[in-house]
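These are the residues of each chain, in order.
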Amino acid sequence: MSVTIQQVTQDIQAVQGIAGEVMSTIEGLDPALAAPIEAVQAIEALVAAALTAWSNASGTPITVASVQALLPNPTPLTDPTS
Amino acid sequence: MKRILSLTAALLVTLCIVGCTNWERTTFNTLASSDAAINAAQAAYEVSATAPCPPQSTIACLPHSKAVYTAINKAKAAQTLAVNSMVTYEEVKAANTGTTALNAAQADVNAALAQLPTLIANVKALYGGN
């Protein structure tokens, strides 16, 4: 089975759509507009972290090791209190 | 000389300087962004481990509730699945076993990645309810 240009294009469009959705979700301000000031500040910090990560990733070579580094924090969350 | 050229070529491909596709770059950057968002949310959740989030707090703090715990853990699971799929893709690519295996690995990454936007939206929504 060979890869067609159409298939490659579809794959790229699919992942770009997902990337756009993730970034617009992170950047979107709608929930922040209805939130208190401290929540807005927290969301801004979240957005800044995500945008910085995107920017830094652009200059990072893609290898098995660099991809593995994107696994989430292995420390389990502490149990909820409620 | 030939050996040096071979090693250089192998190194360039390994580091994805010349062989990196648009799909790989977008996927990698997306995973980096979602990882940063999830880790920030986990850190904000742990702030309230010993005491409730103070009102008017200027630091990121999420309630230590079951809902927050579940949302972050679901996002971590989706991130882990997507990253592991991408690792497999890179391994298949390095093994150079053919386009069929590479296509299958790419499809797996796309399927895993498709779950991320909703879960990241759920994590971000936690901040609005803080």
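Residues numbered from 1 in each chain as written. Chains lettered and ligands numbered in written order. Predicted model: local features only at pLDDT ≥ 70, side-chain atom pairs only at ≥ 80, totals over all residues. Heavy atoms only, no water.

## Comments concerning the overall build of chain A
To keep things clear, this is the line we draw: Secondary structure elements are taken from DSSP: a helix is a run of H or I of four residues or more, a strand is a run of E of two residues or more, and numbering for both begins at the N terminus. Buried, partly exposed and exposed residues are distinguished by accessible area as a fraction of the type maximum, computed with a 1.4 Å probe on protein chains only: under 20%, between the cut-offs, and over 50%, respectively. Note on areas: these come from Shrake-Rupley sampling with a 1.4 Å probe, and a residue is covered only by the protein chains present in the view.
Looking only at helices and strands, one finds four helices and zero strands in chain A. For chain A, the α and β elements follow one another from N to C terminus as α-α-α-α. Out of the 82 residues belonging to chain A, those deemed buried represent 33%. Counting only carbon and sulfur atoms, one obtains 60% of the accessible surface of chain A, whose full area is about 4600 Å².

## Things to note about the packing of helix 2 (residues 22-47) of chain B against helix 3 (residues 66-95) of chain B
Residue and element names in this part refer to chain B. Keep this limit in mind: Between N-to-C directions, angles span 0 to 180 degrees; the directions come from axes that are lines fitted to C-alpha atoms, helices contributing only their stretch in contact. Should an angle fall under 35 degrees it is taken as roughly parallel, and over 145 as roughly antiparallel, whereas 65 to 115 is taken as roughly perpendicular and any remaining angle as oblique. Helix crossings get a hand from a simple test, with the near helix turned counterclockwise from the far one by less than a right angle marking a left-handed crossing and a clockwise turn marking a right-handed one. The criterion used for residue contact is that any of the two residues' heavy atoms lie within 4.5 Å. When residues are sorted by character, Ala, Val, Leu, Ile, Met, Phe, Trp, Tyr, Cys and Pro go into the nonpolar class, Asp, Glu, Lys and Arg into the charged class, and all the rest, Gly among them, into the polar class.
Direction vectors running N to C along helix 2 and helix 3 enclose 150°, while the axes themselves pass 10 Å from each other. With respect to helix 3, the axis of helix 2 lies roughly antiparallel. As for how helix 2 packs across helix 3, the hand of that crossing is left-handed. On helix 3, the residues touching Trp-23, Glu-24, Thr-27, Leu-31, Ser-34, Asp-35, Ile-38, Ala-41, Gln-42 and Tyr-45 of helix 2 are Val-68, Tyr-69, Ile-72, Ala-75, Lys-76, Gln-79, Ala-82, Val-83, Met-86, Tyr-89, Glu-90 and Lys-93. Per-class residue counts for the contact of helix 2 with helix 3 are 13 nonpolar, four polar and five charged.

## Regarding the packing of aromatic side chains
All names here are of chain B. Cut-off, in case you're wondering: Stacked, edge-to-face and tilted labels apply to pairs of Phe, Tyr and Trp rings (six-membered ring for Trp) whose centres lie within 6.5 Å, assigned for plane angles under 30 degrees, over 60, and everything in between, in that order.
Under the definition given, this model contains two aromatic pairs over all chains. The interplanar angle of 45° and the centroid separation of 6.3 Å between the aromatic rings of Tyr-45 and Tyr-69 together place this pair among those described as tilted. Of this pair, Tyr-45 sits in helix 2 while Tyr-69 is found in helix 3, placing the two residues 24 residues apart along the sequence. A relative accessible area of 0% means that Tyr-45 is categorised as buried. By relative accessible area, which is 18% here, Tyr-69 ends up buried.

## So, the pattern of salt bridges
Residue and element names in this part refer to chain B. Convention followed: Note on definitions: salt bridges are taken to be side-chain nitrogens of Lys or Arg within 4 Å of carboxyl oxygens of Asp or Glu.
Summed over the entire model, instances satisfying the criterion amount to one salt bridge over all chains. Note that Lys-93 and Glu-24 form a salt bridge whose closest N and O atoms lie 2.9 Å from each other. Taken together, the residues Lys-93 in helix 3 and Glu-24 in helix 2 connect sequence positions 69 residues apart. A relative accessible area of 1% means that Glu-24 is categorised as buried.

## Things to note about helix 2 of chain B
Applicable threshold: To estimate the expected span of a helix, subtract one from its residue number and multiply by 1.5 Å.
Compared with the 38 Å implied by 1.5 Å per residue over 26 residues, the 38 Å span of helix 2 of chain B between its first and last C-alpha is a close match. Where burial is concerned, most of helix 2 of chain B is hidden: 19 out of the 26 residues are buried.

## Notes on helix 3 of chain B
Relative to the 44 Å expected for 30 residues at 1.5 Å per residue, helix 3 of chain B spans 43 Å between its end C-alpha atoms, a close match to the ideal helical length. Just downstream of helix 3 of chain B lies B:Asn96, where phi reads positive at about 55°.

## Quick word on the state of the cysteines
All names here are of chain B. For clarity, the threshold we go by: The rule for a disulfide is simple: a pair of cysteine sulfur atoms within 2.5 Å.
Overall, the coordinates contain one disulfide over all chains when judged by the stated rule. Covalent S-S linkage joins Cys-53 and Cys-61, the inter-sulfur distance amounting to 2.0 Å. With the S-S bond torsion at -90°, the cross-link from Cys-53 to Cys-61 turns out left-handed. Overall, Cys-61 belongs to the buried group, its relative accessible area being 1%.

## Observations regarding the confidence of the model for chain A
Predicted coordinates in areas of low pLDDT are best not read in detail. We count it as follows: pLDDT measures how confident the predictor is about each residue, on a scale from 0 to 100.
Averaged over chain A, the pLDDT score is 76; the fraction of residues at 70 or greater is 66%. Per-element confidence in chain A ranges from a low mean pLDDT of 49 for helix 2 (residues 30-33) of chain A to a high of 96 for helix 4 (residues 64-68) of chain A.

## Some remarks on the side chain of B:Thr27
Structurally, the position occupied by B:Thr27 is in helix 2. Apart from the residues within four sequence positions on either side, B:Thr27 is in contact with A:Val15, B:Met86, B:Val109 and B:Leu113.

## Observations concerning the environment of B:Leu126
Counting through the fold element by element, B:Leu126 comes out in helix 5 (residues 116-128). In sequence terms B:Leu126 and B:Pro63 are 63 residues apart; their C-alpha atoms lie 8.7 Å from each other.

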